[in-house]
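# Breakdown of the fold
Single-letter residue listing:
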Amino acid sequence: MVENRFSKKVCVVTGGAGEIGVATALRLASEGSDIALIDLKDMKDAIQRITMIGVRCIGYNCNVADYGEVEETVKAIQKDFTTIDMLFNNAGIQGAFSQIHTYPVKDFHQVISINLIGAFHVLRAVSAVMVGQKSGVIVNTASMAGVGGPVNMAAYGASKFALVGLTQTAAKDLAPYNIRVNAISPGYMGPGFMWDRQVDLQAAANSQYYDKDRSVVAKQMVGEIPMRRYGSIDEIPGTVAYLMSEDSSFTTGENIKISGGI
Ligand SMILES: NC(=O)c1ccc[n+]([C@@H]2O[C@H](COP(=O)([O-])OP(=O)(O)OC[C@H]3O[C@@H](n4cnc5c(N)ncnc54)[C@H](O)[C@@H]3O)[C@@H](O)[C@H]2O)c1
């Protein structure tokens, strides 16, 4: 591993109590970055693990779907850390699994309000700071669900497709200010909550694409992946670190696919 690529840098990580957020924050911290975590959930464990590496880490409870809260939080981060050099814009939820004609309307609104509008809120507030600094790097967490329309996941797929579009526009708008913006698109990652939930809910969704038996569904899903296995959460942080680093200094507006399937 290349060490200290991020020493004296500050990274904001949303979804900072979640699996991908914590794994990525740990990786960036191990290369020297101070970390500002944002999440709705308690971040005590994550803060303890990150601080043990020897960097500063503070958690901020904030609902990314509420712009007022995001603005206040970004102000607090600026006060506590002075600069914001990197943003891992990663908070998200999967939502319901249902065919489009039965998809719960309220759930659709909630998924869009967190995965897309929430991501926009954070992107807007943090990029305003970065524009003032005339430097910064942003990585948005999209999904393979935003590359091919996933069955039974109308809201999630739509939110991630839109986030890829937002990434491309942000990359163009922010390039004059020396700010790069890319996305990552993890595919089926497991084992873990997201994988288990997805297998269970696809089995229950009563569609022609998946079996009703969850063990068969798990095999069907793995069969959609070129590498014929699901990915591990640990296979994500290295890609994010690459996109955050000078190793990708001319890369912007890209959506890096991790794994495949969906
Ligand atoms: N795990 C996967 O298989 C997978 C695959 C592709 C994409 N993703 C994406 O990766 C990102 C992280 O997912 P994860 O697997 O770590 O899941 P996770 O559930 O472990 O983490 C998501 C975190 O986001 C937080 N969050 C949700 N709504 C929020 C809100 N309104 N405000 C602030 N925080 C909020 C949650 O509290 C949680 O800690 C998500 O955007 C997800 O869509 C995950």
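The structure we're discussing is the one just above.
Everything quoted here is computed from the prediction, not taken from an experiment.

Let's shift gears to the site of the ligand. Contacts to the ligand come from 25 residues, most closely from Ile-20, Asp-39, Asn-63, Asn-90 and Tyr-156. Separating an oxygen atom of the ligand from a side-chain N or O atom of Asp-39 is a distance of 2.6 Å. Taking Val-64, its main chain carries an N or O atom lying 3.0 Å from a nitrogen atom of the ligand. In isolation the ligand exposes 820 Å². Once the protein is present, 94% of that is buried.

The subject of this paragraph is empty space enclosed by the protein. Taken as a whole, this structure holds 1 cavity of 30 Å³ or more when the rule is applied. Looking at the largest cavity, its volume works out to about 50 Å³. In terms of lining, the largest cavity is formed by Thr-14, Val-64, Asn-89, Asn-90, Ala-91, Ile-114, Asn-115, Gly-118, Ala-119, Thr-141, Lys-160 and Leu-163. Put simply, the parts of the chain that give the lining of the largest cavity at least two residues each are α4 (105-133) and α5 (154-174).

Scanning the entire structure with this criterion turns up 7 salt bridges. Of the charged contacts, one joins Asp-247 and Arg-5 as a salt bridge, the two residues approaching to 2.8 Å between their closest N and O atoms. Of this pair, Asp-247 sits in the loop between α8 (237-244) and β7 (255-258) while Arg-5 sits in the segment before β1 (10-14), and the two are 242 residues apart along the sequence. The exposed category is assigned to Asp-247, whose relative accessible area is 52%. Here Glu-72 ties to Lys-75 by a salt bridge, and the two come within 3.7 Å at their closest N and O atoms. Linking Glu-72 with Lys-75, this pair stays in helix α3 (residues 67-81), spanning 3 residues, or about one helical turn. Overall, the relative accessible area of 48% leaves Glu-72 in the partly exposed class. A network of salt bridges, in which partner residues are shared, links Arg-5, Arg-27, Glu-31 and Asp-247.

Turning next to the state of the cysteines. By the definition in use, this model includes 0 disulfides. Free cysteine: Cys-11, not disulfide-bonded; nearest cysteine sulfur from Cys-57 at 10 Å. Here Cys-62 stays free of any disulfide, with the sulfur of Cys-57 as its closest cysteine sulfur at 15 Å.

The geometry of helix α1 (residues 19-30) relative to helix α2 (residues 44-51) is characterised by a closest axis approach of 9 Å and an angle of 20 degrees between their N-to-C directions. In terms of their interaxial angle, α1 and α2 are classed as roughly parallel. When the axes of α1 and α2 are compared, the crossing they make is right-handed. Across the interface between the two elements, Val-22, Ala-25, Leu-26 and Ala-29 from α1 touch Ala-46, Arg-49 and Ile-50 from α2. Here the residues of the contact of α1 with α2 are counted per class, giving 6 nonpolar, no polar and 1 charged.

Parameters and conventions
Residues numbered from 1 in each chain as written. Predicted model: local features only at pLDDT ≥ 70, side-chain atom pairs only at ≥ 80, totals over all residues. Heavy atoms only, no water. Near = heavy atom within 4 Å. Polar contact = N/O pair within 3.5 Å; in protein donor to acceptor, adjacent residues only side chain to side chain. Areas by Shrake-Rupley, 256 points an atom, 1.4 Å probe, with all protein chains shown as cover. 1 Å grid on protein atoms, 1.4 Å probe; cavity = no way out; pocket = protein on both sides within 12 Å on 5 of 7 lines; lining within 4 Å. Points joined across faces, edges and corners; volume = space filled by probe spheres on them. Helix = DSSP H or I, 4+ residues; strand = E, 2+ residues; numbered from the N terminus. Salt bridge = Lys/Arg side-chain N within 4 Å of Asp/Glu carboxyl O. Buried < 20%, exposed > 50% of the residue type's maximum accessible area, 1.4 Å probe, protein only. Disulfide = S-S within 2.5 Å. Axes fitted to C-alpha atoms, helices over the stretch in contact; angles between N-to-C directions. Parallel < 35°, antiparallel > 145°, perpendicular 65-115°, else oblique. Left-handed = near helix turned anticlockwise from the far one by under 90°. Contact = heavy atoms within 4.5 Å. Nonpolar A, V, L, I, M, F, W, Y, C, P; charged D, E, K, R; others polar.

In short, the description is geometric, and any link to function would need to be established separately.
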